[in-house]
Amino acid sequence: MKSQITNAISDFFFEYETPRQVLVRNRRVGVVCRLIQLGVLAYIIGWVFIYEKGYQSTDTAVSSIFSKMKGVGYTNVNGSERVWDVADYVFPSQLPGKHSCISNGDCEGGDYRRTGHGELTGFCVNTTQTCEVFAWCPVENDLQIPDPPMLMSAENFTLFIKNSITFPLFGVTRSNLVEGVDMSYISKCLYEPDAAPLCPIFKLGDIIKRSGFNFETIATVQGGAIGIVIDWTCNLDVDVKHCKPQYHFHGLYGNPDETDKARASVGYNFRYAKYYTEDKIQKRTLLKVFGIRIDIIVHSVARKFDIIPTLMAIGSGVGIFGVATVVCDLVLLYLLPKRDFYKSMKFKSTGTHAQDQMSEAGSIETNTCKE
């Protein structure tokens, strides 16, 4: 018993088992096998390593953005001249609204309506059939929109974008003010996709045009939203100075030519007020502005060689090579005319009849020894 256990342990640690290999000389099967292997090899090299960069690890950036609009506009409305600068046309948004009524029961005192102008007093004004509110007077009338637009000069305004990113996995920090983009260059450059692709100063009219919008309709009448995408796609296996941004422009909403039937609230507009005191009475100038909303979006991915994803890609590729063996075995064992012959060469089987014959021979041999 002890000897059997010792032999079993010895066999387990000091013997190596290998599957039986059968060499099949068949042109059709050989061609199928090699074609599958070539296909797998092309997939590993072409797709996994070259296209998907399976030998590299990836990281996305932590980003910050600073922007500044510059430009001066001039308007003359009914003889009233005015100069507009960044303090006048860069601001946050607010909400609109108005309500009607038939009787005082439609106007609950002390209530606020979502799109109302102030606190309801509880009275319905019969002449206008609107709820009386405690609010600024007169209330807004936004039915008259200036045509032509007041600030057509905004087309020549410029937008400066400063973007900084960090790839924490690789310890790399970059800015869109890359090598060569210094103060002397910024003072005279204007973004052009071919002539000045790294200039961080953009003309507003060019931004709208490259987004597929019409400046007069979108920027100053209907309003609209534009997305500026800063794309950082970097291969850190080469010098970091080659990690540079690319700018893309997309119209997000506001195009009056769009064919979507559910075109509710097309464009972009908001209200803001400027307050002052006259004869000890507080007053305000309310403005409804149709303008441009600019969303700056950073898309980033950095790649660098890493031994772990490389080994994983190679291992998965080696495993896929087994597909060729499975397909060829199916062809040999089930499709070819000589499939029974190939089965007999590939597999060895023992039946119960053979086992019975071996047992009987063992019994006869034992009896013979006894004689």
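Residues numbered from 1 in each chain as written. Predicted model: local features only at pLDDT ≥ 70, side-chain atom pairs only at ≥ 80, totals over all residues. Heavy atoms only, no water.

### Quick word on the overall build of the chain
Phase 1 of the analysis: Check the secondary structure of the chain and you find 10 helices and 14 strands.
Phase 2 of the analysis: The buried share among the 371 residues of the chain stands at 29%.
Phase 3 of the analysis: Relative to all contacts within the chain whose residues are 6 or more apart in sequence, the contacts with residues 24 or more apart total 61%.
Phase 4 of the analysis: As presented, the chain carries roughly 25,600 Å² of accessible surface, and 56% of it is formed by carbon and sulfur atoms. (Helix = DSSP H or I, 4+ residues; strand = E, 2+ residues; numbered from the N terminus. Buried < 20%, exposed > 50% of the residue type's maximum accessible area, 1.4 Å probe, protein only. Contact = heavy atoms within 4.5 Å. Areas by Shrake-Rupley, 256 points an atom, 1.4 Å probe, with all protein chains shown as cover.)

### Some thoughts on the nonpolar core
Phase 1 of the analysis: Residues F167, F202, L204, I207, C234 and F249 are the most contacted members of the largest nonpolar core, which totals 38 residues.
Phase 2 of the analysis: Contributions of two or more residues to this core are made by β7 (158–167), β9 (201–203), α5 (204–210), α6 (215–222), β10 (224–235) and β11 (246–253).
Phase 3 of the analysis: C33, C328, L333 and Y342 belong to the second largest nonpolar core, which has 8 residues in total. (Core = buried A, V, L, I, M, F, W, Y, C linked by side-chain atoms within 4.5 Å.)

### Brief notes about a nonpolar patch on the surface
Phase 1 of the analysis: A contiguous nonpolar surface patch, about 720 Å² in accessible area, is contributed by F305, I307, I308, L311, M312, I314 and V318.
Phase 2 of the analysis: Considering the arrangement of structural elements, one finds F305 in strand β14 (residues 292–305).
Phase 3 of the analysis: Assessed through its relative accessible area of 46%, F305 is described here as partly exposed. (Patch = residues over 30% accessible without salt bridge, like charges linked within 9 Å, V, L, I, M, F, W, Y side chains within 5 Å. Salt bridge = Lys/Arg side-chain N within 4 Å of Asp/Glu carboxyl O.)

### Some thoughts on the sheet that holds β10
Phase 1 of the analysis: Read across the open sheet, the 4 strands follow the order β1-β14-β10-β11; overall the sheet is mixed. Edge strands, defined here as strands with exactly one partner in the open sheet, are β1 (56–59) and β11. Taking each pair of neighbouring strands and ignoring which way they run, the sheet shows an average axis angle of 25°.
Phase 2 of the analysis: With 12 bridges joining them, β10 and β14 adopt parallel strand pairing. (Pairing = 2+ DSSP bridges. Axes fitted to C-alpha atoms, helices over the stretch in contact; angles between N-to-C directions.)

### A short note on the layout of surface pockets
Phase 1 of the analysis: Its boundaries defined by the atoms lining it, the second largest pocket holds a volume of some 630 Å³.
Phase 2 of the analysis: V22, L23, V24, D329 and L332 are, among the 21 residues lining the second largest pocket, the residues nearest its centre.
Phase 3 of the analysis: Elements that contribute at least two residues to the lining of the second largest pocket include exactly α2 (27–51), α8 (322–334) and α9 (339–346).
Phase 4 of the analysis: The biggest single contributor to the lining of the second largest pocket is α8, with 6 residues.
Phase 5 of the analysis: Of the residues in the lining of the second largest pocket, the class split is 11 nonpolar, 5 polar and 5 charged. (1 Å grid on protein atoms, 1.4 Å probe; cavity = no way out; pocket = protein on both sides within 12 Å on 5 of 7 lines; lining within 4 Å. Points joined across faces, edges and corners; volume = space filled by probe spheres on them. Nonpolar A, V, L, I, M, F, W, Y, C, P; charged D, E, K, R; others polar.)

### Considerations on the pattern of salt bridges
Phase 1 of the analysis: Applying the stated criterion to the full structure yields 4 salt bridges.
Phase 2 of the analysis: Notably, a salt bridge pairs R210 with E192, separated by 3.2 Å at the nearest N-O pair. Here R210, found in helix α5, pairs with E192, found in the loop between α4 (183–186) and β9; they are 18 residues apart in sequence, far enough to count as distant.
Phase 3 of the analysis: Look at R210 and you get partly exposed, because its relative accessible area is 29%.
Phase 4 of the analysis: Of the charged contacts in the structure, one is a salt bridge between R293 and D295, with a shortest N-O distance of 3.1 Å.
Phase 5 of the analysis: What makes D295 partly exposed here is its relative accessible area of 23%.

### Quick notes on the packing of helix α7 (residues 307–320) against α8
Phase 1 of the analysis: For the pair α7 and α8, interaxial distance at closest approach is 4 Å and the crossing angle is 10°. The orientation of α7 with respect to α8, classified from their angle, is roughly parallel. Residues V318, G319 and I320 of α7 form the contact with α8, whose own contacting residues are G322, V323 and A324.
Phase 2 of the analysis: Of the residues assigned to the contact of α7 with α8, the class counts are 4 nonpolar, 2 polar and no charged. (Parallel < 35°, antiparallel > 145°, perpendicular 65-115°, else oblique.)

### Some remarks on α2
Phase 1 of the analysis: Taking 1.5 Å of rise per residue, 25 residues should cover 36 Å, and α2 covers 34 Å from first to last C-alpha, within 8% of that figure.
Phase 2 of the analysis: Among the residues of α2, those classed as buried are V29, C33, V40, I44, V48 and F49.
Phase 3 of the analysis: Where α2 is buried, its residues touch α7 and α8.
Phase 4 of the analysis: Between the side-chain oxygen of the N-cap and the backbone nitrogen of R28 there are 3.1 Å, and the N-cap of α2 in question is N26.
Phase 5 of the analysis: With its phi angle positive at about 55°, K53 sits one or two positions after the end of α2. (Expected span 1.5 Å × (residues − 1). Polar contact = N/O pair within 3.5 Å; in protein donor to acceptor, adjacent residues only side chain to side chain.)

### Notes on the state of the cysteines
Phase 1 of the analysis: Across all of its chains, the model carries 3 disulfides by this definition.
Phase 2 of the analysis: Here C101 pairs with C124 through a disulfide, and the sulfurs are 2.0 Å apart. Its S-S torsion of about 90° marks the bond between C101 and C124 as right-handed, since a negative value means left-handed. Placement of C101 in the loop between α3 (86–89) and β5 (119–125) and of C124 in strand β5 is noted, with a sequence separation of 23 residues between them. Summarising the burial analysis for this pair, C101 and C124 share the class buried. (Disulfide = S-S within 2.5 Å.)

### Section: the packing of aromatic side chains
Phase 1 of the analysis: For the structure shown, the criterion picks out 7 aromatic pairs.
Phase 2 of the analysis: Ring centres of Y191 and Y247 lie 5.6 Å apart, and the angle between their planes is 80°; on these two criteria the pair is classed as edge-to-face. In this pair, Y191 is assigned in the loop between α4 and β9 and Y247 in strand β11, connecting sequence segments 56 residues apart.
Phase 3 of the analysis: When its relative accessible area of 5% is taken as the criterion, Y191 is described as buried.
Phase 4 of the analysis: Ring-pair connections join several aromatic residues into one group, and the members of that group are Y191, F202, Y247 and F249. (Phe/Tyr/Trp six-rings, centres within 6.5 Å; stacked < 30°, edge-to-face > 60°.)

### Description of α7
Phase 1 of the analysis: For α7, with 14 residues, the first-to-last C-alpha span of 20 Å sits near the 20 Å given by 1.5 Å per residue.
Phase 2 of the analysis: Listing the buried residues of α7 in full gives P309, T310, A313 and G317. Viewed along the axis of α7, the buried residues span an arc of 105°, placing them on a single side of the element. Looking at α7, the residues exposed on the side facing more than 90 degrees away from the buried face are I308, L311, M312, V318 and G319.
Phase 3 of the analysis: Against the buried residues of α7 lie α2, β1 and β14.
Phase 4 of the analysis: Of the residues flanking the start of α7, the one acting as N-cap is D306, its side-chain oxygen 3.2 Å from the backbone nitrogen of I308. (Arc of directions from axis to C-beta.)

Geometric descriptors of this kind do not, in isolation, establish any biological role.
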